[in-house]
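# Breakdown of the fold
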Amino acid sequence: MNKKDIANFRRQLKLNNDLLTMKDIFHVYVMKESSDIYHWESTPFGMLEQEQQELFIDGFKKVLTGQLDEKLFELKFQRDVEDNTQLILHQGLLSESTEDWTAQMLRIVEKMLKDREYDMDIVITFLRGEYLKPMKPAGEESEESDRDKVYSHSFILCSINKTQDPRKELLFDYVEKEFKYNVVVDPIINLKAPIGGFLFPCFTDNAQDVNHILYSTGKSKELDYHFIEEVLNAEEFMTKEEDKIVFEEIVKDIAGERINTSTLANVYDEIHRTIEENEEEDTPKLDYKDVEKVLKNSGVEDVSTEKVEAAFKKVIDDEKYELKASNILPKYNSKSIKIKTKVANISVSPEDLRYVRQVELDGKICLMIELEENTVIEGFEMIPEVLFKKA
């Protein structure tokens with residue numbers, strides 16, 4: 001799934017939407033430490049009160065919120081795995097009875113609790129439904145309605161939420177005219193901040209992709225590898241941070257440990273150009289030939305196909321590996337590059353990096369920034385100082 005597909009599906013999560021049918025919702029309450037299932041219940045979603053429906057929908061939207069490869073990850077299922085979650089989810093998707101559906105979801109819960117203890121009570125919630133996507137874009141002129149022809153996607157959404165103790169509060173009773181201590185023992189389920197979840201299957205090119213699952217982590221860059229490998233049975237994958245590190249090590253192996261800012265700015269410009277030229281493709285990838293082209297066009301010396309291919313082999317042990325361009329490029333139009341020094345910290349965007357230089361002046365290393373206007377500090381306009389003259 002690309003970010004557009006995710007955003008489209010997320011927008012459909014709302015009440016009174018004829019393009020989305022939410023059939024059943026299934027809750028499982030798990031006790032901490034013992035990892036025992038204390039209670040579970042399945043309810044037709046339409047039987048819930050409207051306030052409850054809105055509460056759960058907002059929670060599932062949280063599961064689908066975040067950046068790809070940072071908080072949301074499209075994972076591929078492993079092959080030839082015993083008690084494969086892909087098969088369990090597919091059987092649950094096709095289940096006609098509520099009993100079959102809940103039985104399959106309980107199998108997933110059992111996998112979650114195997115060899116795992118949580119430090120708080122958790123609630124695992126599953127929702128199954130059907131998502132309809134019109135074949136004809138909205139607004140396109142035609143005698144037919146955009147609802148006449150649709151793509152149909154059955155889906156399962158999962159949200160994992162922690163519980164928290166109720167707040168201890170002092171109340172005032174208007175009738176009895178006395179202060180009372182509010183005693184509540186029921187735990188509160190925090191639906192606003194899921195600690196994990198997933199969407200199955202993924203949607204690719206208006207078709208269901210049952211070979212992939214969209215995994216959601218509670219916090220960006222904090223992945224639950226036990227859940228990914230043992231519960232979802234997904235293959236190993238590279239995160240955004242890991243892709244970035246691989247690219248940096250490859251460039252260092254080819255160009256050396258040191259590089260000037262103008263060359264680095266050129267590298268970022270070339271990658272940005274690649275993304276723009278492939279804007280129809282949501283995640284353009286760079287193989288060793290693409291990286292060779294980027295480095296050559298950026299002015300890096302002594303670059304060859306053999307050298308780049310060898311660097312790929314050395315760094316990641318796979319000369320055929322492809323790097324996601326969006327993973328290795330800092331946010332291009334925002335101040336995403338942080339320059340930290342003992343004197344000051346500076347933020348600059350990749351497109352403006354070319355205006356920053358590290359120079360040597362009177363034997364001292366200085367950071368020079370090219371400006372278009374005088375700098376104002378605490379309301380005072382700075383006077384330009386001439387430190388050296390052109391010979």
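Use the structure listed above.
An account of the accompanying structure is given in this report. (Residues numbered from 1 in each chain as written. Predicted model: local features only at pLDDT ≥ 70, side-chain atom pairs only at ≥ 80, totals over all residues. Heavy atoms only, no water.)

## With respect to the overall build of the protein
Put simply, the test is: For the purposes of this entry, the term helix denotes a DSSP run of H or I that reaches at least four residues, the term strand denotes a run of E that reaches at least two, and both are numbered from the N terminus. For the radius of gyration, the atom set is restricted to C-alpha positions; the globular benchmark scales as 2.2 Å times the number of residues to the power 0.38. Exposure categories follow from relative accessible area, calculated using a 1.4 Å probe and restricted to protein chains: below 20% of the type maximum is buried, above 50% is exposed, and the middle band is partly exposed. Contacts: residue pairs with any heavy atoms within 4.5 Å of one another.
Helix and strand content of the protein: 10 helices and 20 strands. Taking 2.2 N^0.38 as the reference for a compact globule, 391 residues should give roughly 21 Å; the C-alpha atoms of the protein span a radius of gyration of 27 Å, well beyond that estimate. Overall, the C-alpha framework of the protein stretches about 85 × 60 × 55 Å when taken along its three principal axes. Looking at the 391 residues of the protein, the share that counts as buried comes to 38%. In the protein, 64% of the contacts between residues at least 6 apart in sequence involve partners at least 24 apart.

## Points about a negative patch on the surface
Rules: Each patch is assembled from residues with relative accessible area greater than 30% and no salt bridge, linking like charges that lie within 9 Å and nonpolar side chains (Val, Leu, Ile, Met, Phe, Trp, Tyr) that lie within 5 Å. Residue-level accessible areas treat just the shown protein chains as cover; the underlying method is Shrake-Rupley with a 1.4 Å probe. Just to be clear on terms, a salt bridge is a Lys or Arg side-chain nitrogen sitting within 4 Å of an Asp or Glu carboxyl oxygen. Positive: Lys, Arg. Negative: Asp, Glu. His and the chain ends are not part of the count. The atom standing in for a charge is NZ when the residue is Lys, CZ when it is Arg, CG when it is Asp and CD when it is Glu.
Together, Glu351, Asp352, Glu370, Glu372, Glu373 and Glu381 give the surface a local cluster of negative charge. Its location among the elements puts Asp352 in the loop between strand E16 (345–348) and strand E17 (356–361).

## Let's talk about the packing of aromatic side chains
Definition in use: Only Phe, Tyr and Trp rings are paired, with Trp represented by its six-membered ring, and only when their centres lie within 6.5 Å; those with planes under 30 degrees apart are stacked, over 60 edge-to-face, the remainder tilted.
On inspection of all chains with the given rule, the structure shows 12 aromatic pairs. Taking the centre distance of 5.6 Å and the plane angle of 40° together, the rings of Tyr131 and Phe203 count as tilted. Remark: Phe203 occurs in strand E10 (residues 202–204) and Tyr131 occurs in strand E4 (residues 122–134); sequence separation between them is 72 residues. For the pair formed by Tyr131 and Phe203, the shared burial category is buried.

## Quick look at the packing of helix H8 (residues 288–297) against helix H9 (residues 305–316)
Short version of the rule: Inter-axis angles, ranging from 0 to 180 degrees, are taken between N-to-C directions of lines fitted to C-alpha atoms, where helices are fitted over the stretch in contact. Here is the rule for angles: anything less than 35 degrees is roughly parallel, anything more than 145 is roughly antiparallel, 65 through 115 is roughly perpendicular, and the remaining ranges are oblique. Note on convention: near helix rotated counterclockwise from far helix by under a right angle means a left-handed crossing. Clockwise means right-handed. Only Asp, Glu, Lys and Arg are considered charged in this grouping, and only Ala, Val, Leu, Ile, Met, Phe, Trp, Tyr, Cys and Pro are considered nonpolar; every other residue, Gly among them, is considered polar.
Interaxial distance between H8 and H9 falls to 9 Å at its minimum, and their mutual angle equals 125°. Comparing their axes, H9 and H8 come out oblique. Between H8 and H9 the crossing geometry is right-handed. Touching Tyr288, Val291 and Glu292 of H8 are Thr305, Val308, Glu309 and Phe312, all from H9. The class makeup of the residues in the contact of H8 with H9 is 4 nonpolar, 1 polar and 2 charged.

## Here's the deal with the pattern of salt bridges
Any two side chains of opposite charge can pair, so long as their charged atoms come close to each other. Under the defined criterion, the tally for this structure stands at 13 salt bridges. We note a salt bridge from Asp83 to Arg107, for which the minimum N-O separation is 2.7 Å. Of the two residues, Asp83 sits in the loop between strand E3 (72–76) and helix H3 (85–94) while Arg107 sits in helix H4 (residues 98–113), which places them 24 residues apart along the sequence.

## Comments concerning the packing of helix H6 (residues 240–255) against H9
Where H6 meets H9, the closest approach of the two axes is 9 Å, and the angle between their N-to-C directions is 130°. Considering the angle they form, H6 stands oblique to H9. Seen from above, H6 lies across H9 with right-handed handedness. On the side of H6, the interface is formed by Val246, Glu249, Ile250, Asp253 and Ile254, while H9 contributes Lys307, Val308, Ala311, Phe312, Lys314, Val315 and Ile316.

## A short note on the nonpolar core
Generally speaking, a soluble globular protein has its nonpolar side chains buried in company with each other. Selection rule: Among the buried residues, those of types Ala, Val, Leu, Ile, Met, Phe, Trp, Tyr and Cys that are joined through side-chain atoms within 4.5 Å form a nonpolar core.
Within the largest apolar cluster, 33 residues are counted, with the highest numbers of intra-cluster contacts made by Leu89, Ile124, Phe126 and Phe198. With 7 residues, the single largest contributor to this core is H4. When sequence neighbours within four positions are dropped, the list of residues in contact with Phe126 reads Asp24, Ile25, Phe26, Phe60, Trp101, Met105, Ile108, Val109, Ile156, Leu157, Cys158 and Phe198. Core analysis: the next-biggest nonpolar cluster, separate from the first, contains 30 residues, Tyr288, Ala311, Phe312 and Val348 among them.

## Section: a nonpolar patch on the surface
Residues Leu170, Phe172, Tyr174, Val175, Phe179 and Tyr181 make up a contiguous nonpolar surface patch of roughly 820 Å² in combined accessible area. Put simply, the parts of the chain that give the nonpolar patch at least two residues each are strand E6 (169–173) and strand E7 (178–182). Within the secondary structure, Val175 sits in the loop between E6 and E7. On the accessibility criterion, Val175 (71% relative accessible area) is exposed.

## Focus: the side chain of Ser95
Let me state the cut-off plainly: Between N or O atoms, a polar contact is any pair within 3.5 Å; within protein, one atom must be a potential hydrogen donor and the other a potential acceptor, and residues adjacent in sequence are included only when both atoms are from side chains.
Relative to the helices and strands, Ser95 is located in the loop between H3 and H4. Of the polar contacts made by the side chain of Ser95, one reaches the backbone oxygen of Gln91; its length is 2.7 Å.

## So, the pairing of strand E12 (residues 212–217)
For clarity, the threshold we go by: Any two strands are treated as partners once DSSP identifies two or more bridges connecting them.
Most of E12 sits inside the fold, with 6 of its 6 residues counted as buried. Burial of E12 is two-sided: the residues His212, Leu214 and Ser216 facing one way and the residues Ile213, Tyr215 and Thr217 facing the other way are all buried. Pairing analysis gives 5 bridges linking E3 to E12, with the strands arranged antiparallel. If you follow Phe73 over to E12, its bridge partner there is Tyr215. Sheet topology note: the strand E9 (residues 196–200)/E12 ladder contains 4 bridges and is antiparallel.

## Observations concerning the pairing of E17
Sheet analysis places E17 next to strand E18 (residues 364–369), joined by 6 bridges and oriented antiparallel. Considered in E18, the bridge of Glu360 is made with Ile365. In textbook terms, the turn of a hairpin is the stretch between consecutive antiparallel strands, and for E17 and E18 this stretch comprises 2 residues, one of which, Asp362, has a positive phi near 55°.

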